[in-house]
Amino acid sequence: MAANIILILLLIVGCNKKFSESKVVTSSYNHQEVLQSNCFSCHKDYSNYSNQDWINVGLVIPGIPEKSPLMRSLKGFHHGGKRNMPPTPNRSLTPQEIEVLYTWISGLEAKTNRKQIKITDFSLENFKSTKPLSKNAVKQRCFEQITQLPLQASTQLKSCDDLFLGLTTKKNKYAHEVIRSIHQLHTGWFNSYNFHTNNENWGTYEILDVNTPALYLTDTFIYNKSIDNLFKRQYSPKAIRSDKQQEYLIFKPSDNYKVDIKRRMLSVGNDKTAPQKWLPKPSLIQTGILTNIGNWLPTQAKIDNYYKNDLEREPIKVNADFHRGLGGGVLGDKTYLTLNFGHSSGTIMDGEAKVMRSWSKAVFKEFLCRDLPVVNGQDSVSFIEEESSLSFRRNQSCLRCHASIDTLAGTTRNFTLGLNNLIAESVDPESNKAIHLQVTVPINTNEVLDKTILTKYSQNKSTGQFYYRDNKGKLHNKEVQNLDQLSDYLLELDDFYECVTKRYVKHFTGHDINIDTLYFESENSTEAYLKRFIIAESKKLKKNKSLVSLANNILNSVIYQDINFEVTR
């Protein structure tokens, strides 16, 4: 019994925080009393809820307190989420109260017969709109939502589907507005909008476009390409933007860097008196309003010298093409890797403290719509290393996350961030001499000639493990030897297509379905409909590979054509 209490406390406070001040909670203090004293004075509607009621409304996920919205909304619960309840300033649940709720939800997995609440009927025929819109009202809704323009009496629109036609030709009068709107949808998928603090070298923003991950999706949509394009293309998509608001820099430069763009981009090097010529010069990304998407072609714009860190200034010869990916399409895109590197430039992966966990976490979050942990507690038992010097390797609660993100990061063990110029020590805008260019970009350490800086782990083959329990509860333990194999496996998973469909449904209807409970029945008619709709449409998407078809099916659905985006049965 004492061992169980200690384990629960460790789960609550995290991997490295001690909980010696905690008091033992008596068995007479139950979850209902905790909720009664902290929550029900404001949330009276929940006061008579049974365990099954909490599950049905999606606030509790049986056996997974870390992902249960109820827990994630509490101040004092250190597993992510809003942490904003109770709203009273300086008021949080005590560790003992948190423990009671945690224990309650953890025990629900064994007490709940999941088979009884799984969706067995995927038919949508029994659902109907609560307050149907007229055809003209539907056209007005979709036009204004997608173009972000008011519908005029003179606007000729036969159906909502027409808005997605001819986006890359001059035949669609509203093409630019539609492209911008769809791109906004895609940019919302990715949490990282800036490069890692230690990698914000002042030329990086001009060569690597932080919007690149979203451009993969937008390019797939506007050209109606197969969704496989997301993981298959070798070179980054190129944003073509309006020059009406053109600026030379994406970020605001200091006065020292406001120099003529042609002069500034001519060369690189540490020695300002004898700059190293770099021809041809690297292409800059465009700024302004997105109007189209092209392709970066094979280029000679490469990083010639790589430096380990700010102290070791001896250059190591490499050839790193800025826009050629390192495998797996967007997963190995230079920008995506830089945004999710999570370490300082020059960090070499060692398989212990230094692995690309930020990248692994992003893959689960952004392409499968799953927050950590993505396996059950029992799945992490085999990963415990009692003799490890790393505390998280000895702790089962920590390994619920590390078992998935550390093993998946093995596929990126050969990558690091290189600097083509260590420090731009000074810039003289009045001089005719070439200006320094400092850029950070991922390189493949297998191409580094000096192997003495590499670890055994970083030199080994980039083998990783896709350790993941899917939306249906099936455990996947798949070895992947590179990013191409990982992308192939993602394209086989129903979860990827369910994630894409969920995001499109949220964008067009405002309903955000919890992907963790996708295959569990809901009493709420609208939520029950949307779960069935997401499952059905994701199966179509897996077959036809078309994001445009998915969008059209949502616009023509019963729920989209309801005034409040609701259905009944």
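Residues numbered from 1 in each chain as written. Predicted model: local features only at pLDDT ≥ 70, side-chain atom pairs only at ≥ 80, totals over all residues. Heavy atoms only, no water.

1. Observations concerning the overall build of the protein
Here comes step 1: Broken down by element type, the protein carries 20 helices and twelve strands.
Here comes step 2: The buried share of the protein, reckoned over its 569 residues, is 53%.
Here comes step 3: Relative to all contacts within the protein whose residues are 6 or more apart in sequence, the contacts with residues 24 or more apart total 69%.
Here comes step 4: Put simply, the protein shows about 26500 Å² of open surface, and 49% of that area lies on carbon and sulfur atoms. (Helix = DSSP H or I, 4+ residues; strand = E, 2+ residues; numbered from the N terminus. Buried < 20%, exposed > 50% of the residue type's maximum accessible area, 1.4 Å probe, protein only. Contact = heavy atoms within 4.5 Å. Areas by Shrake-Rupley, 256 points an atom, 1.4 Å probe, with all protein chains shown as cover.)

2. Overview of the nonpolar core
Here comes step 1: Ranked by internal contacts, the top residues of the largest apolar core, which has 90 residues, are Phe164, Phe221, Trp359, Phe466, Phe496 and Tyr504.
Here comes step 2: By size, the runner-up hydrophobic cluster in this structure holds 19 residues, among which are Ile55, Leu70, Ile98 and Val100. (Core = buried A, V, L, I, M, F, W, Y, C linked by side-chain atoms within 4.5 Å.)

3. What to know about the confidence of the model for the protein
Here comes step 1: A residue-level look at the protein finds 75% of positions with pLDDT of 70 or above and a mean pLDDT of 78.
Here comes step 2: Every residue in residues 112-117 scores below 50 in pLDDT, and together they form twelve contacts with partners more than four places removed in sequence or on other chains.
Here comes step 3: Taken together, the stretch residues 422-436 has pLDDT below 50 and engages in 41 contacts with residues farther than four places along the chain or on a different chain. (pLDDT = per-residue confidence, 0-100.)

4. A closer look at the state of the cysteines
Here comes step 1: Scanning the model with the defined rule gives two disulfides in all.
Here comes step 2: Each disulfide pairs two cysteine sulfurs, and for Cys142 the partner residue is Cys160, the sulfurs being separated by 2.1 Å. Of note, the bridge from Cys142 to Cys160 carries an S-S torsion of about -95° and is left-handed in sense. Of this pair, Cys142 sits in helix H7 (residues 135-147) while Cys160 sits in the loop between H7 and helix H8 (175-187); the two residues are 18 residues apart in sequence, bridging distant segments of the chain. For the pair shown, Cys142 and Cys160 are each scored as buried.
Here comes step 3: A sulfur-sulfur distance of 2.0 Å marks the disulfide that ties Cys369 to Cys499. Between Cys369 and Cys499, the S-S torsion sits near 75°, and that sign places the bridge as right-handed. With Cys369 in the loop between helix H14 (357-368) and helix H15 (396-408) and Cys499 in helix H18 (residues 494-509), this pair connects stretches of sequence that are 130 residues apart. As far as the burial class goes, Cys369 and Cys499 line up, both buried.
Here comes step 4: The cysteine Cys39 is free of any disulfide, with Cys42 supplying the nearest cysteine sulfur at 8.9 Å. (Disulfide = S-S within 2.5 Å.)

5. Here we look at the environment of Ile559
Here comes step 1: Structurally, Ile559 is set in the loop between helix H20 (547-555) and strand S12 (567-568).
Here comes step 2: Residue classification places Ile559 among the buried residues on the basis of a relative accessible area of 1%.
Here comes step 3: A sequence separation of 30 residues divides Ile559 from Tyr529, and the C-alpha atoms of the two residues are 8.6 Å apart.
Here comes step 4: Apart from the residues lying within four places of it in its own chain, the contact partners of Ile559 are Thr509, His511, Thr526, Tyr529, Leu530, Phe565, Glu566 and Val567.

6. Looking at the packing of H18 against H20
Here comes step 1: At their nearest, the axes of H18 and H20 sit 10 Å apart, and the two run at 45° to each other. Between H18 and H20, the angle falls in the class oblique. For the element pair H18 and H20, the recorded crossing hand is right-handed. Contacts between H18 and H20 pair Val500, Thr501, Tyr504, Val505, Phe508 and Thr509 from the former with Leu547, Leu550, Ala551, Ile554 and Leu555 from the latter.
Here comes step 2: Looking at the contact of H18 with H20 residue by residue, the classes come out as nine nonpolar, two polar and no charged. (Axes fitted to C-alpha atoms, helices over the stretch in contact; angles between N-to-C directions. Parallel < 35°, antiparallel > 145°, perpendicular 65-115°, else oblique. Left-handed = near helix turned anticlockwise from the far one by under 90°. Nonpolar A, V, L, I, M, F, W, Y, C, P; charged D, E, K, R; others polar.)

7. Some thoughts on helix H10 (residues 212-222)
It helps to recall that an α-helix has 3.6 residues per turn; residues three or four apart then point in one direction.
Here comes step 1: In terms of residue burial, H10 counts as a mostly covered element, since eleven of its eleven residues are buried.
Here comes step 2: Among all positions in H10, only Thr212, Pro213, Ala214, Leu215, Tyr216, Leu217, Thr218, Asp219, Thr220, Phe221 and Ile222 are buried.

8. Digging into unusual backbone geometry
Here comes step 1: Leu372 connects to Pro373 through a cis peptide bond whose omega is -5°.
Here comes step 2: Counting through the fold element by element, Pro373 comes out in the loop between H14 and H15.
Here comes step 3: Notably, Lys545 is not glycine yet its phi reads approximately 65°, a positive angle.
Here comes step 4: Along the polypeptide, Lys545 turns up in the loop between helix H19 (525-544) and H20.

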